[in-house]
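# Residue-level structural notes
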Amino acid sequence: MCLAIPGQVVDLNDEQPLLVKVDVGGVRRNVNIGLLEDGEIALGDWVLIHVGFALSKIGEAEARDQLRMLRAMGEDELAMEEVRGYTFAADDGGERR
Amino acid sequence: MTTTNETAPTLMKYVDEFRDPALIATVAHEIARTVDPARHYRIMEVCGGHTHAIYRHGLRDVLPDNVELVHGPGCPVCVLPTGRVDDGLAIAARPDTMLTCFGDMMRVPGTQGTPLELKARGADIRMVYSPLDALKLAQDNPGTHVCFFAIGFETTAPSTALTLLRARELDVRNFSVFCNHVTIVPAIRAILDSPDMRLDGFVGPGHVATITGCRPYEFVARRYGKPVVVAGFEPLDLLEGILMLLRQIRAGEAKVENQYRRIVPWEGNPAALRTLAAVFELRPYFEWRGLGFISQSALKLKDAFARWDGEVRFAVPGVRVTDPRAAQCGEVLKGVLKPPQCKLFGKECDPEHPVGALMVSSEGACAAYYRYARTAEAARA
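Only a predicted model underlies this, so the values are computations on that prediction, with no experimental measurement involved. (Residues numbered from 1 in each chain as written. Chains lettered and ligands numbered in written order. Predicted model: local features only at pLDDT ≥ 70, side-chain atom pairs only at ≥ 80, totals over all residues. Heavy atoms only, no water.)

Attention shifts here to the interface of chain A and chain B. With 33 residues of chain A at the contact, the number on the chain B side is 43 residues. Carbon and sulfur atoms make up 61% of the area that chain A and chain B hide from each other, which totals about 3200 Å². Our count for the contact surface shared by chain A and chain B stands at 3 salt bridges. R274 of chain B is paired through a salt bridge with E37 of chain A; the nearest N and O atoms lie 2.9 Å apart. (Contact = heavy atoms within 4.5 Å. Buried area = accessible area lost by both parts, 1.4 Å probe. Salt bridge = Lys/Arg side-chain N within 4 Å of Asp/Glu carboxyl O.)

As C-alpha cells, then:
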C-alpha cells in the first residue's frame, strides 16, 4: 500500500509544469510533482513515487537502495505494474527501447 | 564469512540479497549483547510494510527470544471497518455511478461481498493506480459519476488532496471522493492508552514519516516515556532500528530517533502537509477495526470541497457492522493475539478466501504470517 517507487526525472513539461516524465526500470510515465516545493525538481533528479505523485526528492544511491529493497520484498513487479498502470497522462508514455 | 555464520546461522539464507551482510550479522550480535536476558521486551512495528518485511525475511529468527515484535495498526485496508466498505459499495450500486479504488481494496470483504465480487455481479467498479486516474475517468465519462474510494495514511492522503484541488481547478463535477484517510498518531496514542497493551518501544513508520517527519512522534517519548525509532524496510534498517530502541531502553532513555535518514527528513514534506491542511480537516472521531472509535484520527473534506465529497453527495448507510464473531481481527490488530492464535486462521480464513481484511493485504499480519512464517515453522517442526 505504501509502496514508494524510485524513478529518475527524464523530461520536464513546459506546458504542464506539475508533470514530469520519470523512468522507472525502463518504463516511462508522467508523474505529478505538485507535492514538492516549486523549483525543487530538475532534469536527472531521482524521486520517490507513490500513487502517481512524487513524494520526495532523493539521491541516486538512495534510489538504488530503494530499488533493491523492493526486489528483496518481492514487490518490484508490483511497483512496475503500478507505474505502467498510471493513465492520467499516459499519452506520451511508453517503454524505453 | 565463517564468523558471521557462527553468530547468526539463520542469516545466511538471505545474505546475498542485501546491503552489507556482514553488518547485518554485527547488528544481530550487538542486539544479543544489548538485551537483558532477565527481562522481556515488547516492541511494536507500527507499519504494515514493516510487518511484511519482518515475516518475509525471517527477522524473528535473528532476534533473541525475549524480544517480541508486536504488529501494529499501520495497514490501511486492515483497519477499515466493514461498515465503511459497505458504504463505498452502496455508492457503487447507484445508477450511472462508477466506483474506483486501489487494488488492495478489491478483495476486502463487505457484508454483501468484496468489490471484486460486486463487480462480477455487474457493478461498475474499477481499479486505479492513482487518484488522478479516477479523475481522468470522470473527465473521459461525463455521463457517469466517478467516485474514488480513498484509503491510506499520511503517505497517500496528500495525493488525494492534490487530486481534489485539481478537480476544483478543472471544475470536474462528476467526480467525488469517499474519504477514509486515517492518521497514524491518534492510533498510536489509543494503543498507548489501552490497558492491555504493555509496550517498550515503537519502530516508527518509514514512508508515512516521509510526509509527517519525526516530530509528531515526540509525544510518545515525552508523555509516555517510550522510545520511537523511525526505520526503513531492509533487514539491516529494521535490525538497526530495533538495536537503537534496545539501547535507549537499556540507558533508560526515551526519545525519537531517525534510522531512515537517507529517505526521511526530520521535518517531513512541508509542501505535502500544506496540501493536506488546505483540503482536509480532522473528523471528531472515526471507527477503526479492532481499535474502536478513536477521536480525531481520520480526515474529512473541508466544507469548501463539499461538492466533491462522496459522503455529502450520497447518503451512505453509515451502519456499523460487527466483524464475524469467530474472526479475531481486532485482537490481532491490537497485538493481543498472534495471527495463528485466531480460530479461523488457515481454516475458514486464508488469502484465497479472506474472512477478515488482515488476510487480504500483503501488509496485513495474517497474510504475511500465512505466506512466510507458516512454512518456516513447518520446516522447523
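Residue and element names in this part refer to chain B. Scanning all chains against the criterion turns up 11 aromatic pairs over all chains. Ring centres of F345 and Y369 lie 5.6 Å apart, and the angle between their planes is 75 degrees; this geometry places the pair in the edge-to-face category. Of the two residues, F345 is situated in the loop between α15 (329-333) and α16 (365-380) and Y369 in helix α16; the sequence distance between them amounts to 24 residues. For the pair F345 and Y369, one class covers both residues: buried. Linked through ring pairs, Y55, F345, Y369 and Y370 together constitute an aromatic cluster. R39 extends its terminal NZ or CZ atom over the ring of Y41, reaching a point 4.3 Å from the ring centre. Stacked on the ring of F219, the Lys or Arg R189 has its end atom at 4.6 Å from the ring centre. (Phe/Tyr/Trp six-rings, centres within 6.5 Å; stacked < 30°, edge-to-face > 60°. Helix = DSSP H or I, 4+ residues; strand = E, 2+ residues; numbered from the N terminus. Buried < 20%, exposed > 50% of the residue type's maximum accessible area, 1.4 Å probe, protein only. Lys NZ or Arg CZ within 6 Å of the ring centre and 35° of its normal.)

Another point: helix α5 (residues 82-92) of chain B. Among the 11 residues in α5 of chain B, 10 count as buried, and that is most of the element. Inspection of α5 of chain B places T82, G83, R84, V85, D86, D87, G88, L89, I91 and A92 of chain B among the buried residues, and these make up the whole buried set.

On inspection of all chains with the given rule, the structure shows 26 salt bridges over all chains. Ionic pairing is found between E30 of chain B and R33 of chain B, a salt bridge with its closest N-O pair at 3.3 Å. Of this pair, E30 of chain B and R33 of chain B both sit in helix α2 (residues 21-34), 3 residues apart, roughly one helical turn. Residue R42 of chain B is joined to E68 of chain B by a salt bridge in which the shortest nitrogen-to-oxygen separation is 3.2 Å. A residue pair is termed long-range when its members are at least 10 positions apart, and R42 of chain B in strand β1 (residues 41-47) and E68 of chain B in strand β2 (residues 67-74) qualify at 26 residues. When sorted by exposure, R42 of chain B lands in the same class as E68 of chain B, which is buried. Salt bridges here are not isolated pairs; linked through shared partners, they connect D65 and R68 of chain A together with E234, D237 and R262 of chain B.

A few words on the state of the cysteines. Residue and element names in this part refer to chain B. What the rule picks out here adds up to 1 disulfide over all chains. Bridging C75 to C78, the disulfide has an S-S length of 2.2 Å. Its S-S torsion of about 60 degrees marks the bond between C75 and C78 as right-handed, since a negative value means left-handed. The class of C75 is buried, set by a relative accessible area of 3%. This cysteine, C147, is not joined by any disulfide, and C101 carries the nearest cysteine sulfur, 10 Å off. Looking at the unpaired C349, the closest cysteine sulfur is the one in C366, lying at 6.4 Å. When its relative accessible area of 10% is taken as the criterion, C349 is described as buried. (Disulfide = S-S within 2.5 Å.)

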